[in-house]
Protein chains: 2
Amino acid sequence: MKPSRLFALTLLAFSQATLAADWQTLPSQAPAPKDNPTTAAKVALGQKLFLDPRLSATGTVSCNSCHNVMAGGDDNRPVAMGIHGKMGGRSAPTVWNSAFNATQFWDGRAATLEDQAKGPVVADVEMGMTSLDDVVARLRQMPGYATEFKQVFGGKEPITADNMAKAIAAYERTLITPNSPYDRFVKGDRKAMTAQQQRGMQKFAEAGCVACHSGASFNGQNGASAGTFMKFPAVPGSDYEAKYKLNVDLGRYNVTKQDADRNAFKVPTLRNVALTAPYFHNGSVANLDEAVRVMAKTQLGTGLGDADAKDITAFLEALTGEFPAQKMPRLPATPGKSFAY
Amino acid sequence: MKPSRLFALTLLAFSQATLAADWQTLPSQAPAPKDNPTTAAKVALGQKLFLDPRLSATGTVSCNSCHNVMAGGDDNRPVAMGIHGKMGGRSAPTVWNSAFNATQFWDGRAATLEDQAKGPVVADVEMGMTSLDDVVARLRQMPGYATEFKQVFGGKEPITADNMAKAIAAYERTLITPNSPYDRFVKGDRKAMTAQQQRGMQKFAEAGCVACHSGASFNGQNGASAGTFMKFPAVPGSDYEAKYKLNVDLGRYNVTKQDADRNAFKVPTLRNVALTAPYFHNGSVANLDEAVRVMAKTQLGTGLGDADAKDITAFLEALTGEFPAQKMPRLPATPGKSFAY
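No experiment lies behind these values; they were computed from the predicted model shown. (Residues numbered from 1 in each chain as written. Chains lettered and ligands numbered in written order. Predicted model: local features only at pLDDT ≥ 70, side-chain atom pairs only at ≥ 80, totals over all residues. Heavy atoms only, no water.)

A. Just the overall build of chain A, in detail. Within chain A, the regular secondary structure consists of 13 helices and two strands. By the compact-globule yardstick of 20 Å for 341 residues, chain A fits well, its C-alpha radius of gyration being 21 Å. In terms of principal-axis extent, the alpha carbons of chain A reach across some 70 × 40 × 30 Å. Here chain A, with 341 residues, has 57% of them falling under the buried criterion. Summed over all atoms, the accessible surface of chain A reaches about 14000 Å², with 55% contributed by carbon and sulfur. With 37 positive and 31 negative side-chain charges, chain A shows a separation of 4 Å between the mean positions of the two kinds. (Helix = DSSP H or I, 4+ residues; strand = E, 2+ residues; numbered from the N terminus. Rg over C-alpha atoms; globule rule 2.2 N^0.38 Å. Buried < 20%, exposed > 50% of the residue type's maximum accessible area, 1.4 Å probe, protein only. Areas by Shrake-Rupley, 256 points an atom, 1.4 Å probe, with all protein chains shown as cover. Lys, Arg positive; Asp, Glu negative; His and termini not counted. Charge placed at Lys NZ, Arg CZ, Asp CG, Glu CD.)

B. Molecular detail of the pattern of salt bridges. Taken as a whole and judged by the stated rule, the model has 36 salt bridges over all chains. Of the charged contacts, one joins D311 of chain A and R199 of chain A as a salt bridge, the two residues approaching to 3.0 Å between their closest N and O atoms. Taken together, the residues D311 of chain A in helix α13 (residues 306-317) and R199 of chain A in helix α9 (residues 195-207) connect sequence positions 112 residues apart. The shortest N-O distance in the salt bridge between E290 of chain B and R293 of chain B comes to 2.8 Å. Of this pair, E290 of chain B and R293 of chain B both sit in helix α12 (residues 288-300), three residues apart, which is roughly one turn of that helix. Each of the two residues, E290 of chain B as well as R293 of chain B, counts as buried. One salt-bridge network, in which partners are shared between bridges, spans D289, E290, R293, D306 and K310 of chain A. (Salt bridge = Lys/Arg side-chain N within 4 Å of Asp/Glu carboxyl O.)

C. Here's a closer look at the interface of chain B and chain A. With 42 residues of chain B in contact, the opposing surface of chain A contributes 42 residues. Both faces considered, chain B and chain A share a buried interface measuring about 3200 Å² in area, 59% of it formed by carbon and sulfur atoms. Together, M70, M328 and R330 of chain B form the three largest contributors to the area buried by chain B at its contact with chain A, with a combined 25%. Put simply, chain B and chain A have 16 residue pairs in polar contact (both at pLDDT 80 or more) between them. Residue classes in the side of chain B that touches chain A are distributed as 21 nonpolar, 14 polar and seven charged. (Contact = heavy atoms within 4.5 Å. Buried area = accessible area lost by both parts, 1.4 Å probe. Polar contact = N/O pair within 3.5 Å; in protein donor to acceptor, adjacent residues only side chain to side chain. Nonpolar A, V, L, I, M, F, W, Y, C, P; charged D, E, K, R; others polar.)

D. Representation of the packing of helix α12 (residues 288-300) of chain A against α13 of chain A. All names here are of chain A. Their axes nearest at 9 Å, the elements α12 and α13 cross at an angle of 115°. With respect to each other, α12 and α13 are oriented roughly perpendicular. Remark: the crossing between α12 and α13 carries right-handed chirality. Here α12 contributes L288, D289, V292 and R293 to the contact with α13, which in turn contributes D306, A309, K310, I312, T313 and L316. In the contact of α12 with α13, the residues fall into five nonpolar, one polar and four charged. (Axes fitted to C-alpha atoms, helices over the stretch in contact; angles between N-to-C directions. Parallel < 35°, antiparallel > 145°, perpendicular 65-115°, else oblique. Left-handed = near helix turned anticlockwise from the far one by under 90°.)

E. Looking closely at helix α2 (residues 40-51) of chain A. Residue and element names in this part refer to chain A. Between the first and last C-alpha of α2 there are 17 Å, a value that for twelve residues agrees with the 16 Å anticipated at 1.5 Å per step. When you tally the buried positions in α2, you get nine out of twelve residues, the bulk of the element. Buried residues of α2: K42, V43, L45, G46, Q47, K48, L49, F50 and L51, and no others. (Expected span 1.5 Å × (residues − 1).)

F. Looking closely at the domain arrangement of chain A. Residues and elements named next belong to chain A. Domain annotation of chain A identifies domain 1 (3-27 + 177-317) and domain 2 (40-172). Between the C-alpha centres of domain 1 and domain 2 there is a distance of 28 Å. At the junction of the two partners, domain 1 supplies 30 residues and domain 2 supplies 22 residues. When domain 1 packs against domain 2, the two sides together hide about 2000 Å² of surface, and 53% of this comes from carbon and sulfur. (Domains from an automatic or database assignment.)

G. Structural view of the relation of the copies chain B and chain A. The two copies are related by a screw operation: chain B maps onto chain A through 180° of rotation and 0.0 Å of translation along the axis, at an RMSD of 0.0 Å. One copy is carried onto the other by what is essentially a two-fold rotation axis. In this assembly the copies share their binding face: 100% of the residues contributing to the interface of chain B also contribute to that of chain A. (Least-squares fit on C-alpha atoms with pLDDT ≥ 70 in both.)

H. Main features of the state of the cysteines. Following the criterion strictly, the structure yields zero disulfides over all chains and no others. For the unlinked cysteine C212 of chain A, the closest cysteine sulfur is that of C209 of chain A, found at 9.4 Å. Overall, the relative accessible area of 18% leaves C212 of chain A in the buried class. The thiol of C63 of chain B is unpaired, and the distance to the nearest cysteine sulfur, on C66 of chain B, comes to 9.2 Å. In this structure C63 of chain B comes out as buried when scored by relative accessible area, which is 13%. (Disulfide = S-S within 2.5 Å.)

Here it is, written out as structure tokens:
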């Protein structure tokens with residue numbers, strides 16, 4: 001068959017698949033809460049805080065250590081590694097497009113980016129500061145931060161944990177990756193995705209992946225203010241459970257103590273998923289095509305053939321967007337002084 | 001006394017001090033070796049490698065972790081901290097202006113930036129890779145690096161440890177901080193330094209600090225191809241030796257096994273020294289004014305008064321230069337794949 005005819009047939013098939021799903025493109029801006037409007041100065045401050053390892057007990061771990069904005073917004077590790085090489089229980093989720101999550105963390109225990117930003121700094125296995133007060137005390141030792149917090153927040157003592165979190169959240173709201181091949185395809189550029197990616201898009205819809213991974217971020221949270229959570233595995237009994245230790249982490253149950261939430265996790269975004277291997281809350285699966293197979297089996301009860309898994313994987317690779325250009329900031333100094341780590 | 005008269009007197013005093021020292025300004029470009037010319041593409045590749053934590057065994061430590069180019073080019077820690085929180089024996093030297101060091105590391109065990117760059121990646125307490133071959137094997141898993149190494153170095157298999165080191169060294173040769181208040185002062189802008197900094201400059205020369213900290217980088221290496229090394233302490237017997245554990249590290253002796261090199265260290269640059277607390281090879285001194293006092297006593301046998309120490313410290317703060325604007329790079333991905341850490 002000639003490539004041109006094959007492409008025409010693919011387009012036809014695609015038109016039918018579009019009926020099955022509500023394909024949305026990623027907005028280029030994220031809404032901000034009323035009490036934390038996004039401003040350029042606040043974003044610049046937030047970027048510095050996000051990249052500053054002095055927010056950790058040892059001075060070696062920044063937000064960026066586990067959520068690398070020069071990469072996929074995570075650390076490409078199975079589970080996060082904090083100070084002294086301590087390992088967390090879960091894989092770091094991507095910070096890219098986290099503004100479009102209705103809830104933060106794998107178990108949804110933070111309602112907002114502002115709430116989330118106050119967690120890792122004082123988590124023993126992450127940045128390990130003793131308390132938010134200690135973080136604030138440290139920031140107050142850096143004259144450059146005093147000036148910037150004052151400019152951004154005003155007030156008598158602008159360096160507070162809440163303002164730190166607000167600045168970091170404002171920065172994170174700019175971490176958006178629009179114009180992926182998928183977005184351009186949906187907007188009408190039929191050449192933006194390969195034929196395989198288009199087949200994968202159709203199979204992604206037909207297989208039922210869109211039941212959870214819907215909406216602009218493919219995280220199923222449109223209109224769901226508390227986010228979308230799903231049992232994982234939802235269809236018990238597959239060999240994958242033991243192989244990838246899927247039943248160990250109780251997930252959202254640890255937050256709600258509701259039996260219905262046992263092994264339930266937030267449906268994560270699939271945006272830039274090709275850049276965030278290894279996969280799942282425990283980082284147990286190294287490759288994306290295997291993750292697709294596991295998902296189909298454990299969430300939809302479907303054993304995918306190799307061709308289908310590869311097509312869907314190709315489609316997911318089309319969700320890698322354009323990353324905004326960023327300047328490298330200068331971190332405020334403590335001129336001529338040090339503080340004990 | 002009116003400020004204007006005071007300034008005139010300071011200038012007069014300064015003119016006398018200038019006779020005692022050869023004040024040089026920092027070049028805005030660094031020379032490159034014949035076999036590693038600095039090109040824009042090579043620098044861009046080197047920046048990525050420098051910032052990439054996947055060059056460490058755990059995927060958590062990059063060159064930048066201990067030599068932070070968003071700050072003073074070091075980690076503001078007493079001693080460096082590598083993978084699994086392992087601590088090295090010495091304080092990380094600044095990467096800024098390291099192109100102007102005649103030799104690298106505190107003990108001068110690397111002759112060039114290229115040689116230096118191959119050390120920390122395979123140091124057990126730093127980035128902890130098993131071998132340079134393992135580093136190369138990992139880089140070859142990232143398609144983006146394959147493309148860039150090919151563009152920069154050509155050849156059949158451009159990803160090699162030598163080429164990695166060349167790219168990192170080329171990037172480091174761009175990490176220069178000209179136009180400090182001191183440089184502008186020496187070039188004729190008499191207002192570039194405060195009156196206290198000018199007093200400090202004079203005292204810095206008069207006290208004899210310039211005996212070692214000479215030249216454009218204040219590292220005493222003009223014309224000395226092997227670098228300048230000094231016993232530390234040079235004048236034994238002060239209380240500082242025990243207080244700051246100055247006799248523990250044998251320094252250059254470990255490299256040469258020559259008795260004359262016991263406790264000898266490379267004379268470090270003083271450029272941006274205000275940003276690199278804590279001080280000395282073991283990071284034992286938290287504040288710059290105390291470091292000035294210790295140096296005067298242990299290297300020159302001089303007990304500095306508080307005013308003199310503060311003036312010299314103010315002068316050293318005038319050595320903080322202008323940092324080049326840098327774009328944040330995108331690190332090459334391994335799309336849809338992970339490798340075990």
